[in-house]
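Report on the structure
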Amino acid sequence: MRYTEAGDAALERSLAEFMDAIVQRARAIDGLESLLLGGSLGRGEGTTVPGPDGDRLVSDVEIYLVGRSSSLRDAARRLEADVSSRHGAAVSAAWLHPDMLRGARSEEH
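Nothing here was measured: the structure is a model prediction, and the numbers come from that model.

Points about the nonpolar core
Core analysis: the biggest nonpolar cluster contains 21 residues, and Phe-18, Met-19, Ile-22, Val-61, Ile-63, Leu-65 and Leu-79 have the highest contact counts within it. Elements that contribute at least two residues to this core include exactly α1 (9–26), β4 (61–66), α3 (71–82) and β5 (91–96). Per-element tally for this core: the top contributor is α1, with 6 residues. If near-sequence neighbours (up to four positions away) are discounted, Met-19 is found in contact with Tyr-3, Leu-37, Leu-41 and Val-61.

Observations concerning the side chain of Ser-59
Relative to the helices and strands, Ser-59 resides in the loop between β3 (54–57) and β4. For Ser-59, the side chain forms a polar contact with the side chain of Ser-40, separated by 3.2 Å. Side-chain polar atoms of Ser-59 contact the backbone nitrogen of Thr-47, separated by 2.6 Å. If sequence neighbours within four positions are ignored, Ser-59 has contacts with Ser-40, Gly-46, Thr-47 and Ala-89.

Concerning the pattern of salt bridges
Here the structure, examined in full by the defined rule, presents 5 salt bridges. Measuring nitrogen to oxygen at the nearest pair gives 3.6 Å for the salt bridge that ties Asp-82 to Arg-25. Remark: Arg-25 occurs in helix α1 and Asp-82 occurs in helix α3; sequence separation between them is 57 residues. Residue classification places Asp-82 among the partly exposed residues on the basis of a relative accessible area of 48%.

Conventions adopted
- Residues numbered from 1 in each chain as written.
- Predicted model: local features only at pLDDT ≥ 70, side-chain atom pairs only at ≥ 80, totals over all residues.
- Heavy atoms only, no water.
- Core = buried A, V, L, I, M, F, W, Y, C linked by side-chain atoms within 4.5 Å.
- Buried < 20%, exposed > 50% of the residue type's maximum accessible area, 1.4 Å probe, protein only.
- Helix = DSSP H or I, 4+ residues; strand = E, 2+ residues; numbered from the N terminus.
- Contact = heavy atoms within 4.5 Å.
- Polar contact = N/O pair within 3.5 Å; in protein donor to acceptor, adjacent residues only side chain to side chain.
- Salt bridge = Lys/Arg side-chain N within 4 Å of Asp/Glu carboxyl O.

Now the structure itself:
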């Protein structure tokens, strides 16, 4: 999977490792049904700029914890506080109830 449109291979590998670390941390969250990567990175359209050590990510990282329990709201805040991107991108995490996804899907089709 690519996270950026034009990121170099080193940045893509580094982003994959970063996403794996987020997944590992999220697996311990009670009530989590699914974990989504949103925004431009989730679409594989992350924005980069050239830097002296290779491409640099300028897109933010949007993580969604999907589950029925409202306790995921606090879990998302903790995840956001605990995870920092070594790529300099802002990381945000939020809770989504599964019904919110069903509603969005039905409106698109």
